[in-house]
Amino acid sequence: QVQLVESGGGLVQAGGSLSLSCAATERTFTYYAMGWFRQAPGKERECVATISRSGGRTDYGDSVKGRFTISRDNAKNTLYLQMNSLEPEDTAVYYCAASGKLSGSLSEYDYDYWGQGTQITVSS
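One structure accompanies this document, and this report is about it.

### As for the sheet that holds strand E8 (residues 78-83)
- Pairing in this open sheet of four strands is antiparallel, and the strands run E1-E3-E8-E7 from one edge to the other. Since the sheet does not close on itself, it has two edges, and those belong to strand E1 (4-7) and strand E7 (68-73), each with one partner. Averaged over neighbouring strand pairs, the angle between their axes works out to 15° when direction is ignored.

### Here we look at the pairing of strand E4 (residues 33-39)
- Of all the seven residues making up E4, six are buried; the element is thus mostly covered by neighbouring parts of the structure.
- Here E4 hands over to strand E5 (residues 46-51) after six residues, with glycine 42 in that stretch at a positive phi of 80°.

### Some words on the packing of aromatic side chains
- Taken as a whole and assessed by the stated rule, the structure comprises five aromatic pairs.
- Every member of this aromatic cluster is reached through a ring pair, and the members are Phe37, Tyr95, Tyr111 and Trp114.
- The aromatic ring of tyrosine 95 is capped on one face by arginine 45, whose charged end is 4.6 Å from the ring centroid.

### Some remarks on the side chain of serine 105
- Its place among the elements puts serine 105 in the loop between strand E9 (92-99) and strand E10 (113-114).
- At 3.1 Å, the side chain of serine 105 forms a polar contact with the backbone nitrogen of serine 107.
- Contact partners of serine 105, with chain neighbours within four places excluded, come to Phe37, Cys47, Thr50, Asp110 and Tyr111.

### Re the pattern of salt bridges
- Under the criterion given, the structure shown has five salt bridges.
- Between aspartate 62 and lysine 65 there is a salt bridge, with the nearest N and O atoms lying 3.2 Å from each other.
- The partner of glutamate 87 in a salt bridge is arginine 67, and the shortest N-O contact between them spans 3.9 Å. Linking glutamate 87 in the loop between E8 and E9 with arginine 67 in the loop between strand E6 (58-60) and E7, this pair joins segments that are 20 residues apart in sequence.
- The structure contains a network of salt bridges with shared partners spanning Arg38, Glu46, Arg67, Glu87 and Asp90.

### Focus: the state of the cysteines
- Counted by the stated rule, this structure contains one disulfide.
- Here cysteine 22 engages in a disulfide with cysteine 96; their sulfurs sit 2.0 Å apart. One quick way to see it: the torsion about the S-S bond of cysteine 22 and cysteine 96 is about 55°, and its sign makes the bridge right-handed. Placement of cysteine 22 in strand E3 (residues 18-24) and of cysteine 96 in strand E9 is noted, with a sequence separation of 74 residues between them.
- Cysteine 47 takes part in no disulfide bond, and the closest cysteine sulfur, belonging to cysteine 96, lies 12 Å away.

Thresholds, definitions, all that
Residues numbered from 1 in each chain as written. Predicted model: local features only at pLDDT ≥ 70, side-chain atom pairs only at ≥ 80, totals over all residues. Heavy atoms only, no water. Pairing = 2+ DSSP bridges. Helix = DSSP H or I, 4+ residues; strand = E, 2+ residues; numbered from the N terminus. Axes fitted to C-alpha atoms, helices over the stretch in contact; angles between N-to-C directions. Buried < 20%, exposed > 50% of the residue type's maximum accessible area, 1.4 Å probe, protein only. Phe/Tyr/Trp six-rings, centres within 6.5 Å; stacked < 30°, edge-to-face > 60°. Lys NZ or Arg CZ within 6 Å of the ring centre and 35° of its normal. Polar contact = N/O pair within 3.5 Å; in protein donor to acceptor, adjacent residues only side chain to side chain. Contact = heavy atoms within 4.5 Å. Salt bridge = Lys/Arg side-chain N within 4 Å of Asp/Glu carboxyl O. Disulfide = S-S within 2.5 Å.

Below, the structure written as structure tokens:
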């Protein structure tokens, strides 16, 4: 079983940047495609970005394309999300998740393990 621990959340002004990390306590980190999801109050959980096992393929939700970058360091068992040009609409709890699929999936139902979440608040 993979345990995932997010870090890096916080408060930032609109237009600013934040970086999230997700540490996996599992040496088989490379067996999993990874994703970042977010959920704002009163809204459904949405996929922000996904990355394949090797890191060679990435995909993004339409609302963050060109602003967010997902990456991974398999040697460190860590997933990252660099967020630039943040907007108040990006305010949400952000989760990392692991999927047994070869490539990432935009569907939350394809993910088997989830972190506890970290709050991102973007002020206007």
